[in-house]
Amino acid sequence: MLLQLPIAVTAQEYFFKKYRVDEGLPSDIVKGCTQDALGYFWIATDQGIAKYDGVNFTTYRDAIHGDYAKGFFTTRNGRLLAYSDLDLVEIQNRGDTVSFKSLCPVARIANDTCLSYPKLLFEDIQGDLWVSESQAVVRLRGKTLKRFGFDIANRSTQFLRAFSFFEDKRHTLFITSLQGNVFRYNARYDEFESVDLKFPAGVEFVSVVNNTLVIGASDGVYRADLPEAGGVKAPKLVLGISLVSFVRELHGDTYFVATRSNKHFMANLDNGTFTAISYPINNINHVYRSKEDDLWISGNDGLVVMKENLFRGTDENVSDFIECIAEDAAAGIVYYATRRTLYAFDRATKKNTVVLDIPSGYFQSVVFTEEGLWVANAFKVFLLTGQKIKKQYDLSAHGRFVTTLTRDAAGTIWLTVPGSPKVYGIGKDLVLRQFNIPLGRSGVVNMIREGNRGMYVASAGKASYLFFKGRADTVFHNASVPVTFAMHPDFNVTDFVVTPDDLLWLATSEGLLKYDGLQLHKVDLGQRFAQLPVKAIHTYAGNKLLVANAFGMALFDRIAGTTDLFNESSGLLSNTITPRGLFVDRCENVWVGTAKGLCYSTRPLTVLSKTSAPQFTQVRVNGKNASLRGDTQIDYGSFLSIHVSSITFPENEVIFQYRIVPGEAWATTSATELHFSGLTAGAHTVEVRAKKNGPFVWSNSSHLHFTIAKPFWQRWWFFGLCLVAAAVLVVLTFVGVNARNRKKSHAMQRLIDARTNELRISNEELIQLNLEKNNLIGIVAHDLRNPLQQITGLISLVRMNSQADDETKTYLNLMGTSVERLDSMIVKILDVNAIDSRKLNLTLEDVNLSDICNTVADRYRHEAMKKRISIVKNIDPGGYVSGDKVYLEQVVENLLSNAIKFSPFDRNVYVNLRTSTDKVVCEIRDEGPGLSVEDKQKLFGKFQKLSARPTANETSTGLGLSIVKKFVIAMDGDIQCESEPGKGAAFSISFARRRVDTDTRMYGTG
């Protein structure tokens, strides 16, 4: 008995895409389609042959003589043949280049050397090719052609079909005419003989499938048994479908049955059932099953790709926004709701029924428990048992709609009401209880779920997005941790799940976040999903997470960190998934609520297939097509453009990774054109792999090898040319430079002589001026000292007058001090003048520097005591040096007087002298303000005033250190200064030690 199902196969079960002239086909009338060994699709149309590389169609009008291409045939050894009204050619596709090789002449009128209007090809067990013509079949054996003619009763009345071929189990060749007449080939006599067997009329398809002959005819699909002894049994009608043009086996017992009308079917040949597909296709000529199990259907209205969806819809009449999903696992019922209607979907019968319809309501959440079905609708919560309301709760006074229902392990039903600072629990006793949530200013209750240790509440706000109550607690507390990354001001947690390792995974306005109780981590779902909010989340298959965003549903492996995308091309009714639209039932089936209805998948999303390896479809060098094969080289500095395609469907659901190997990291792109420039000379390899959205893993890598030629400056001829040019240049340069140098030498000598004379005159003038300056300083100093000595004498006479009162004596003392200071300044000026004029009268002798340090220290004790400064001596005895005793004493006096002068009151000044085997070092260190970096740069300069100032208003000429350094250097000594701001200063002078008997060591404190 023949049975046709009353319901058509919905378009939701399959994804269809049509290619026509607008998409690049040369004609909308398509006769056949196939794939070559590289995966490229070839299409036979009424305007010639076209190749599809997964991105673009390329038409080869010149490959055949006539426009009407009929189809393709792949031999057992992999040769791809194409035939048209006037051609039989072999297609040789190398990826970036294609060639066509004629196998046999074809003419409009048949003769012994050529074919005529071929309609079908077949290869027998011997490897001979058989060609169907309108009233004959032709055998091609190598280059030999033999035609077997038939009478007018077997002449084809079609342009596309004539004789069909098959072999029985003994590999005997049979043919059947369009009219259903059957003939057997007799190899002994090399002829066909009629068989006492009749096939149905209008035979357009014959093929052996699973050891059974399948026949497509005008009145339906037939099966005929093939006995082990050979031959064929009488065919039996299994599907009463009119005008069958092609039958394609799919999987199991399922077949696609194509017809000459616009109705086509999915059929089961074993039980004789068939269902119509709801997508109309006009007059199918051929159906090809691709390497990815998609159907490429050739018809008179273009090329249609039919792909089975991973997800399928529950009811195409329910295309509204899905608010929530729940399951009664024992009954096999899935409950789901739109805004106004609650549905029950029976997984076994695939039937959809209305449970509750409230036109003025708004279903938000649903949970099934042993007590019944809990439903949140607007401000109310219902408990349904047997589709009747057993209990209801009105929360209209508490805030906005009830948005979330969830059940904990103890059986409590928890619910949330945005606008209320509380969550609510309904216990086993059906009593409603309230729990306060410390929301703060920006918080709003969004979601409540049970974790491993208690209940969590998701909210909004950077400081109030998560709250927790332990099982033994009675209140919720804020469990939010600080957010350490940049985010939008309106931070909102819309959904979350708790995994067995006690981690919380939050669906937020900032994407997917991981919460471990101490930190909030941003989860990298991949470049495509960066900065995208996540609306819903659900656990799946142990370590996986289902995540909803604007692209659809992502499957995230939280251990491996990988992401797979499922979207409308996978069968989702819409890429817009609702906030409570992810659900996994007890059987691990995934249910997805979208803006256009509910869909589900019964196939595991974790069973992954490998994406087809990408092909290099085109290579362009500097904008021109190129073939990178053999020893082809690319000019250095060229711009290289490589087009890639994995030749999969849908073609826009593929991403690529590419790199130059070895060394470079993978770069990810969704573009099919890769650009390279600035490549170094030498051999290079581009490695590319592809990944298709959905349950697919990365493909095997494809490699393209090429060589970048050396730049001209690295070629041998360039080096030779450079050597010759360099030699010529050297010779010319040598000659020219010598001539120029001689000329310049004469001019330079004249200039030098003139400048030397000018310098000599200037130097003599400077020497004379310096002598005059020194004489003037000596005369002025002498003339100044005589009056000062007279003033000193007069002061002494007045002091001798015992009748001077105290005030007068004070003035005399001040006058004496001023005269002494002026005299000291004049002495220093004379010393500097003597040094500059190199008139120092040094008397070098062995001098005991230890004695000088002791003497000077004792001499300045009284001066130091005026500022309550202690002079601390630590002097090794016997510190003999070669020097002038007067100048050495003046050096020590200058350094010690400076230390006292710049030291604050109540401090220490240290006079240290250390002797070693070959050196004597005298150090005078104070506890004054120290020297700055700028002070150190000005030390030992004439008339230099430093940042430190005398602490008792003593005078300072700025000449002392300059004189000290020059005296020390004149006696072959060295002077150093160590100081830091605020830590005092230490001046040390050092001389070579003289070998002289020393005194005993002395210590003292002044």
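These figures come from a predicted structure and were not determined experimentally. (Residues numbered from 1 in each chain as written. Predicted model: local features only at pLDDT ≥ 70, side-chain atom pairs only at ≥ 80, totals over all residues. Heavy atoms only, no water.)

Q: So what exactly am I meant to see when it comes to the overall build of the protein here?
A: Tallying secondary structure elements over the protein gives seven helices and 76 strands in all. Against the 2.2 N^0.38 benchmark of 30 Å for 1006 residues, the protein shows a C-alpha radius of gyration of 53 Å, more extended than a compact globule. By its C-alpha atoms, the protein is 170 × 105 × 50 Å across when sized along the principal axes. Relative to its full complement of 1006 residues, the protein shows a buried share of 49%. Sequence-distant contacts in the protein: of pairs separated by 6 or more residues, those separated by 24 or more amount to 52%. Total accessible area computed for the protein in this model is approximately 49000 Å², and 52% of it derives from carbon and sulfur atoms. Taken as two groups, the 114 positive and 107 negative side-chain charges of the protein have centres that lie 1 Å from each other. (Helix = DSSP H or I, 4+ residues; strand = E, 2+ residues; numbered from the N terminus. Rg over C-alpha atoms; globule rule 2.2 N^0.38 Å. Buried < 20%, exposed > 50% of the residue type's maximum accessible area, 1.4 Å probe, protein only. Contact = heavy atoms within 4.5 Å. Areas by Shrake-Rupley, 256 points an atom, 1.4 Å probe, with all protein chains shown as cover. Lys, Arg positive; Asp, Glu negative; His and termini not counted. Charge placed at Lys NZ, Arg CZ, Asp CG, Glu CD.)

Q: Looking at this structure, how should I read the environment of S638?
A: Its location among the elements puts S638 in the loop between β61 (633-634) and β62 (640-645). Sequence spacing of S638 and I708 is 70 residues, and the spatial spacing of their C-alpha atoms is 8.6 Å. Look past the residues within four positions of S638 in its chain and what remains in contact with it is V621, N622, F676 and S677. Among the polar contacts listed, one links the side chain of S638 to the side chain of N622, at a separation of 3.3 Å. Only 2.7 Å separates the side chain of S638 from the backbone oxygen of D635, close enough to count as a polar contact. (Polar contact = N/O pair within 3.5 Å; in protein donor to acceptor, adjacent residues only side chain to side chain.)

Q: When you look at the sheet that holds strand β59 (residues 615-621) in this model, what are you seeing that I'm missing?
A: By definition, the strands of a sheet pair up through backbone hydrogen bonds, in either a parallel or an antiparallel sense. In space, the four strands of this open sheet follow the order β60-β59-β62-β65, with antiparallel pairing throughout. Of all strands in the sheet, those with a lone pairing partner are β60 (624-626) and β65 (673-676), marking the two edges. In this sheet, neighbouring strand axes are inclined to one another by 30° on average, regardless of whether the strands run parallel or antiparallel. Relative to β62, β59 is paired through six bridges, and the arrangement is antiparallel. Residue pairing across strands places F616 opposite V644, the latter belonging to β62. (Pairing = 2+ DSSP bridges. Axes fitted to C-alpha atoms, helices over the stretch in contact; angles between N-to-C directions.)

Q: Help me out: how do you make sense of the pairing of strand β72 (residues 908-915) in this one?
A: Remember that side chains alternate between the two faces of the sheet whenever the strand is regular. Strand direction decides the pairing type here: strand β70 (residues 870-875) and β72, joined by six bridges, are parallel. Counted as the bridge partner of I871 is V909 from β72. As judged from the six bridges shared by β72 and strand β73 (residues 919-925), these two strands associate in the antiparallel manner. Paired with R914 across the bridge in β73 is V921. What sits between the antiparallel neighbours β72 and β73 is a turn of three residues.

Q: What's the story with the packing of helix α5 (residues 885-901) against helix α7 (residues 960-970) in this structure? I'm lost.
A: Each pair of packed helices gets described by two things: the angle between the helix axes and the distance between those axes. In contact at an axis separation of 10 Å, α5 and α7 are set at 145° when each is read in the N-to-C sense. Considering only the axes of α5 and α7, their crossing is left-handed. Within the contact between the two elements, α5 uses Y887, Q890, V891, N894, L895 and N898 and α7 uses G960, L961, I963, V964, F967 and V968. Residue composition of the contact of α5 with α7, grouped by class: eight nonpolar, four polar and no charged. (Left-handed = near helix turned anticlockwise from the far one by under 90°. Nonpolar A, V, L, I, M, F, W, Y, C, P; charged D, E, K, R; others polar.)

Q: Would you mind showing me how to read the sheet that holds strand β27 (residues 284-289) here?
A: Taken in spatial order, the four strands line up as β2-β29-β28-β27 in an open sheet, and their pairing is antiparallel. Among the strands making up the open sheet, the edge pair consists of β2 (14-19) and β27. Sheet twist, expressed as the mean angle between neighbouring strand axes with direction ignored, is 20°. Note that β27 and strand β28 (residues 295-299) share five bridges and pair antiparallel. Paired with Y288 across the two strands is W296, which belongs to β28.

Q: Would you mind showing me how to read the side chain of Q35 here?
A: Tracing the chain through its elements places Q35 in strand β3 (residues 30-35). In terms of polar contacts, Q35 uses its side chain to reach the side chain of Y288, at 3.2 Å. One polar contact links the side chain of Q35 to the main-chain amide nitrogen of K291, over a distance of 3.0 Å.

Q: It is not clear to me how unusual backbone geometry should be interpreted in this structure. Could you clarify?
A: Generally, phi is negative for residues other than glycine and the peptide bonds are trans, each holding for most cases. Residue P650 is bonded to the preceding F649 through a cis peptide linkage, with omega at -5°. Summarising the element assignment, P650 is placed in the loop between β62 and β63 (654-661). Located in the positive-phi region is D293, a residue other than glycine, with phi close to 70°. By the element assignment, D293 lies in the loop between β27 and β28. A positive phi angle, close to 65°, is found at L430, a residue other than glycine. By secondary structure assignment, the location of L430 is in the loop between β41 (422-426) and β42 (432-436).

Q: Mind showing me how you'd approach the environment of F256 here?
A: The residue F256 is located in strand β24 (residues 254-259) in this model. For the pair F256 and T275, spaced 19 residues apart in the sequence, the C-alpha separation amounts to 9.9 Å.

Q: Would you explain the packing of aromatic side chains in this entry?
A: Geometrically, a pair of aromatic rings is defined through the distance of the ring centres and the angle of the planes. Scanning all chains against the criterion turns up 51 aromatic pairs. A centroid spacing of 6.1 Å and a plane angle of 80° characterise the contact between F148 and Y185, whose relative ring orientation is edge-to-face. Pair noted here: F148 is in strand β14 (residues 144-149) and Y185 is in strand β17 (residues 181-186), with a separation of 37 residues, a long-range link. A centroid spacing of 5.2 Å and a plane angle of 80° characterise the contact between F712 and F718, whose relative ring orientation is edge-to-face. For F712, a relative accessible area of 47% gives the class partly exposed. Among the aromatic residues, those joined into a cluster by ring pairs are F15, Y19, F41, Y52, F57, Y288, W296 and F649. Stacked on the ring of Y910, the Lys or Arg R925 has its end atom at 4.4 Å from the ring centre. (Phe/Tyr/Trp six-rings, centres within 6.5 Å; stacked < 30°, edge-to-face > 60°. Lys NZ or Arg CZ within 6 Å of the ring centre and 35° of its normal.)

Q: Explain the packing of helix α3 (residues 849-859) against α5 to me, please; I cannot follow it from the model alone.
A: Between α3 and α5, whose axes approach to 10 Å, the crossing angle comes to 45°. One finds that α3 runs oblique with respect to α5. By crossing handedness, the relation of α3 to α5 is classed as right-handed. Across from L849, I852, C853, V856, A857 and R859 in α3, the residues of α5 making contact are K885, L888, E889, V892, E893 and L896. Looking at the contact of α3 with α5 residue by residue, the class counts come to eight nonpolar, no polar and four charged. (Parallel < 35°, antiparallel > 145°, perpendicular 65-115°, else oblique.)

Q: How do you make sense of α7 when you look at a structure like this?
A: Every α-helical turn comprises 3.6 residues, leaving residues that sit three or four positions apart pointing alike. Among the residues of α7, those classed as buried are G960, L961, S962, I963, V964, F967 and V968. At the C-terminal side of α7, D972 shows a positive phi close to 60°.

Q: Is there a simple way to explain the UniProt feature "transmembrane region" (unreviewed entry) in the protein in this structure?
A: The positions that UniProt labels "transmembrane region" (unreviewed entry) are, in the present scheme, residues 716-739. When the span residues 716-739 is considered, its composition is 100% helix and 0% strand, and the gap between its end C-alpha atoms is 35 Å. (UniProt positions renumbered as here; feature names shortened; annotations may be inferred.)

Q: Looking at this structure, how should I read a nonpolar patch on the surface?
A: A contiguous nonpolar surface patch, about 750 Å² in accessible area, is contributed by Y636, F712, W713, W716, W717 and L721. Inspection of the secondary structure puts W716 in helix α1 (residues 716-800). Here W716 falls in the exposed class, since its relative accessible area comes to 73%. (Patch = residues over 30% accessible without salt bridge, like charges linked within 9 Å, V, L, I, M, F, W, Y side chains within 5 Å. Salt bridge = Lys/Arg side-chain N within 4 Å of Asp/Glu carboxyl O.)

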